[in-house]
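Understanding the architecture of this molecule
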Amino acid sequence: MGRIKIGVIGTGIIGKSHLENYSKIPEVELAALCDVCPETLAGAAERFGVKDTYADFRDLLKRDDITAVDVCVHNNLHAPITIAALKAGKHVYCEKPMAGSYKDALAMREAAARLGLKLHIQLATLYSRENWIAKDIIDKGWLGRIYHARSVGYRRRGRPYVDGYATKEFVNSKYSAGGALFDMGVYHISQILFLAGLPEVERVTGRTYQENPMDAKRREISGYDVEELGLGFVNFAGGMSLDILEAWSINVNPFDGSFIVGSEGGVRLEPLSFHKSDGDLAMDTKFDVGIYDYRSRMLRDHYDAYKSSQGHWAAALAGEVPLLDTSGTALQTALISEGIFMSQKLGREVTAAEIKAGSASRSMTRQDVGGGKAIEYEAI
């Protein structure tokens with residue numbers, strides 16, 4: 001089988017990160033790039049040695065030789081571009097979050113299923129060695145019956161643009177739909193859901209905050225209107241619960257990270273450790289991650305296909321391994337995130353059915369980006 005030809009739509013901060021990862025995968029050929037900003041596009045094409053470039057993603061999608069595309073644009077453009085690519089017969093890798101709303105994410109997943117194409121969402125935390133050790137621990141039954149988990153993300157001051165990095169679109173809901181929960185929380189919530197076996201959401205409650213001072217000029221330029229702190233509590237079918245704390249900016253020193261606890265033991269995810277009590281004896285266990293990685297690489301079939309998101313995507317496209325259900329995990333994450341926003345708005349707990357019924361599309365149907373060029377997107 002020849003090299004897999006992939007086109008990348010969006011060559012900004014995230015796009016360049018994806019391109020860097022693809023450049024290390026021999027089985028992948030970067031066949032084409034697309035961006036509405038000529039300078040950004042030209043720089044990426046030169047850096048990664050890609051000859052064919054496009055200003056309009058629909059021209060790229062006309063290429064019969066391209067097997068898959070990678071969508072690296074703003075959150076509210078994920079759904080329309082992904083669905084257009086699927087309709088053009090391309091498998092799609094999409095940057096996180098899956099979309100700006102549960103409704104849009106569901107439309108993406110349903111389109112992929114209807115057309116019989118692969119849809120992969122960038123959930124980088126699923127590919128760490130620590131995540132696979134935690135999964136082994138859980139699969140062995142060391143935790144017993146899982147009943148609670150905590151999803152945590154911490155930055156003391158790390159809001160995009162207003163704190164000195166990234167672009168203003170990250171903090172404007174017109175483009176991003178959300179803040180800390182969409183930028184960071186997706187990684188932590190999705191990892192918990194993955195490790196816990198994707199439990200069914202029943203009810204969500206939450207609060208969001210934007211309280212800390214920021215650069216006044218950058219606030220005005222960006223139209224900053226998203227949360228810097230997101231809090232949530234989720235009840236799942238079967239009795240499991242999850243609490244969420246995701247901070248872009250908070251006035252406190254670092255707090256402990258995510259964990260999952262069960263009737264027989266518990267596991268912290270960062271740094272990785274296992275905890276168990278037997279009578280009066282409390283045991284706290286650390287792991288030799290390097291030895292695990294070495295032995296797994298030597299003894300497990302296709303182990304390297306699960307060490308990075310792009311590497312896994314390439315292996316799945318080549319038919320070497322089945323594609324992890326990242327779109328299912330990301331869809332459930334979108335349901336929880338939207339539940340937190342809805343709970344904040346209504347001032348009460350909301351059910352999964354309410355979230356699904358109340359979810360509205362956030363997809364852009366027309367947006368001026370890069371050089372003032374207006375681009376039309378097909379309604380989904």
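Quick summary incoming for the structure in this document. (Residues numbered from 1 in each chain as written. Predicted model: local features only at pLDDT ≥ 70, side-chain atom pairs only at ≥ 80, totals over all residues. Heavy atoms only, no water.)

**Focus on unusual backbone geometry**
Across the junction of Lys96 and Pro97, the peptide omega takes the value -15°, indicating a cis bond. The omega torsion across Glu270 and Pro271 is 0°, close enough to zero to call that bond cis. Examined against the element boundaries, Pro271 turns out to sit in the loop between β12 (266–269) and β13 (272–278). Phi is positive for Ala177, which is not a glycine, with a value near 70°. Along the polypeptide, Ala177 turns up in the loop between α7 (173–176) and α8 (180–195). Judged by its relative accessible area of 10%, Ala177 falls in the buried class. A positive phi is found at Leu198, a non-glycine position, where the angle reads about 55°. A relative accessible area of 31% means that Leu198 is categorised as partly exposed. (Helix = DSSP H or I, 4+ residues; strand = E, 2+ residues; numbered from the N terminus. Buried < 20%, exposed > 50% of the residue type's maximum accessible area, 1.4 Å probe, protein only.)

**A word on the sheet that holds strand β15 (residues 350–351)**
Pairing in this open sheet of nine strands is mixed, and the strands run β14-β13-β12-β11-β7-β10-β9-β8-β15 from one edge to the other. Of all strands in the sheet, those bounded by a partner on one side alone are β14 (281–285) and β15. As defined by bridge partners, strand β8 (residues 201–209) adjoins strand β9 (residues 229–236) across eight bridges and the pair is classed as antiparallel. When the sheet's bridge partners are listed, Arg207 is paired in β9 with Leu231. (Pairing = 2+ DSSP bridges.)

**Thoughts on helix α6 (residues 129–139)**
Among all positions in α6, only Asn131, Trp132, Ile133, Ala134, Asp136, Ile137 and Ile138 are buried. Looking at the buried side of α6, the elements it contacts are β7 (146–153), α8, β11 (259–262), β12, β13 and α10 (289–299). Two residues or fewer past α6, Gly141 is found with a positive phi of approximately 85°. (Contact = heavy atoms within 4.5 Å.)

By themselves these figures say nothing about function.
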